[in-house]
Amino acid sequence: MNDIEVIADPAAAVVALDPGRARLLGELREPASAAELAGRLGLPRQKINYHLRQLEQHGLVEVAESRTWGGLTERRLVATAAGYVVSPAAMGAAGGGPERIRDRLSASYLIALGARLIRELGALARVSAQRRGRLHVYGLDSELRFASTADRAAFAEELTAAVTRLAAKYHDEGAPNGRWHRLVIAVHPRPADAEQPHDHQGRDDQ
């Protein structure tokens, strides 16, 4: 089971976003049969089977095991990932991108950057999985509290200077075996209902 699966196919996105099927995906973090799910959710088994067929057809669940009881075969299914994210690629040309937004200090621009990150990284992760390779990426997630808007502005200025200095040090336009990478840094207010503050950084190799 993958940690996160990025859904780029429009048809699969429609299936996954159905409330009933999304609930089934949440229940299927552990293997379960249609009968078990029907009893757990209080829904008819036929309805559960219909939704499971749709999810399986689009590669969102898979068979974990099959058991034979009195001549009947019971299949226990499991979600293909612990969580799912719908890529803007599923929206086609309507998915948008940061290149269309002029105001670089707007929330729309930051959202568009995040959308591009999901779209591109999702595609790279799929190719890496098909080749059974490792996709080397780096993520840094931190939270801090500014005493004033002036401090926030000063932080942004120093951060820009530091990143510019590092980029100038390591960027090599003519490296024969070099590979272009994207660097995205975001600073935004934390939502009021977000989890408690935490600082961590991690490397994700898939």
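What counts and what doesn't
- Residues numbered from 1 in each chain as written.
- Predicted model: local features only at pLDDT ≥ 70, side-chain atom pairs only at ≥ 80, totals over all residues.
- Heavy atoms only, no water.
- Helix = DSSP H or I, 4+ residues; strand = E, 2+ residues; numbered from the N terminus.
- Rg over C-alpha atoms; globule rule 2.2 N^0.38 Å.
- Buried < 20%, exposed > 50% of the residue type's maximum accessible area, 1.4 Å probe, protein only.
- Areas by Shrake-Rupley, 256 points an atom, 1.4 Å probe, with all protein chains shown as cover.
- Lys, Arg positive; Asp, Glu negative; His and termini not counted.
- Charge placed at Lys NZ, Arg CZ, Asp CG, Glu CD.
- Pairing = 2+ DSSP bridges.
- Contact = heavy atoms within 4.5 Å.
- Axes fitted to C-alpha atoms, helices over the stretch in contact; angles between N-to-C directions.
- Arc of directions from axis to C-beta.
- Patch = residues over 30% accessible without salt bridge, like charges linked within 9 Å, V, L, I, M, F, W, Y side chains within 5 Å.
- Salt bridge = Lys/Arg side-chain N within 4 Å of Asp/Glu carboxyl O.
- Parallel < 35°, antiparallel > 145°, perpendicular 65-115°, else oblique.
- Nonpolar A, V, L, I, M, F, W, Y, C, P; charged D, E, K, R; others polar.

S.K.: Could you give an account of the overall build of the protein chain, naming the residues involved and the relevant values?
M.R.: For the protein chain, the helix and strand inventory stands at six helices and seven strands. Tracing the protein chain from N to C terminus, the helices and strands come up as β-α-α-β-α-α-β-β-β-α-β-α-β. Here the C-alpha radius of gyration of the protein chain, 22 Å, is well above what a compact globule of 206 residues would show, namely 17 Å. Principal-axis analysis of the C-alpha atoms gives the protein chain an extent of 70 × 45 × 35 Å. Classification of the 206 residues of the protein chain by burial places 22% in the buried group. Roughly 15100 Å² of accessible area belongs to the protein chain as shown, and the carbon and sulfur atoms make up 53% of that amount. Across the protein chain, 27 positive and 26 negative side-chain charges occur, with their mean positions spaced 4 Å apart.

S.K.: How would you sum up unusual backbone geometry? Please name residues and give values.
M.R.: When glycine is set aside, most residues are seen to have a negative phi, and most peptide bonds are trans. You will see that arginine 132, though not glycine, has its phi angle at about 55°, which is positive. Relative to the helices and strands, arginine 132 is located in the loop between helix H5 (107-130) and strand E6 (136-141).

S.K.: Outline the sheet that holds strand E2 (residues 32-33), supporting the account with residue identities and numerical values.
M.R.: Taken in spatial order, the three strands line up as E2-E4-E3 in an open sheet, and their pairing is antiparallel. The sheet is open, and its two edges are formed by E2 and strand E3 (61-69), each paired on a single side. Pairing of E2 with strand E4 (residues 72-79) involves two bridges; the strand directions are antiparallel. Considered in E4, the bridge of serine 33 is made with arginine 76. This element, helix H4 (residues 45-57), spans E3 and E4 of the sheet and lies at about 130° to E3.

S.K.: Lay out helix H1 (residues 10-17) in plain terms, naming residues and giving numbers.
M.R.: Residues of H1 that are buried include every one of Ala12, Ala13, Val15 and Ala16, and no others. Projected onto a plane normal to the axis of H1, the buried residues spread over an arc of 165° and lie on a single side. Exposed positions of H1 whose direction lies more than 90 degrees from the buried face are Val14 and Leu17. Looking at the buried residues of H1, the elements they touch are strand E1 (2-7), helix H2 (19-27), H4 and strand E5 (81-86).

S.K.: Mind laying out the side chain of serine 87, listing which residues take part and the relevant values?
M.R.: With respect to the helices and strands, serine 87 occurs in the loop between E5 and H5. Residue serine 87 is classed as buried on the basis of its relative accessible area, which comes to 3%. Setting aside chain neighbours within four positions, we find serine 87 in contact with Val6, Ile7, Ala8, Ile118 and Arg119.

S.K.: Describe the environment of leucine 113, naming the residues involved and giving the relevant values.
M.R.: Here leucine 113 lies in helix H5. Classification of leucine 113 as buried rests on a relative accessible area of 11%. Remark: the alpha-carbon pair of leucine 113 and valine 86, spanning 27 residues in sequence, is separated by 15 Å. If we skip the residues at most four places from it in the chain, leucine 113 touches Pro98 and Val184.

S.K.: I'd like to hear about a nonpolar patch on the surface, residue by residue, with values.
M.R.: A surface patch of nonpolar side chains, amounting to about 240 Å² of accessible area, comprises Leu117, Leu121 and Leu124. Here leucine 124 shows up in helix H5.

S.K.: Could you give me a rundown of the packing of H2 against H4, with the residues and numbers involved?
M.R.: At a minimum axis distance of 10 Å, the contact between H2 and H4 shows a crossing angle of 80°. If you check the angle between H2 and H4, you find them roughly perpendicular. Residues Arg21, Leu24 and Leu25 of H2 touch H4, and the partners they reach there are Ile48, Tyr50, His51, Leu52, Gln54 and Leu55. Residues of the contact of H2 with H4, tallied by class, amount to six nonpolar, two polar and one charged.

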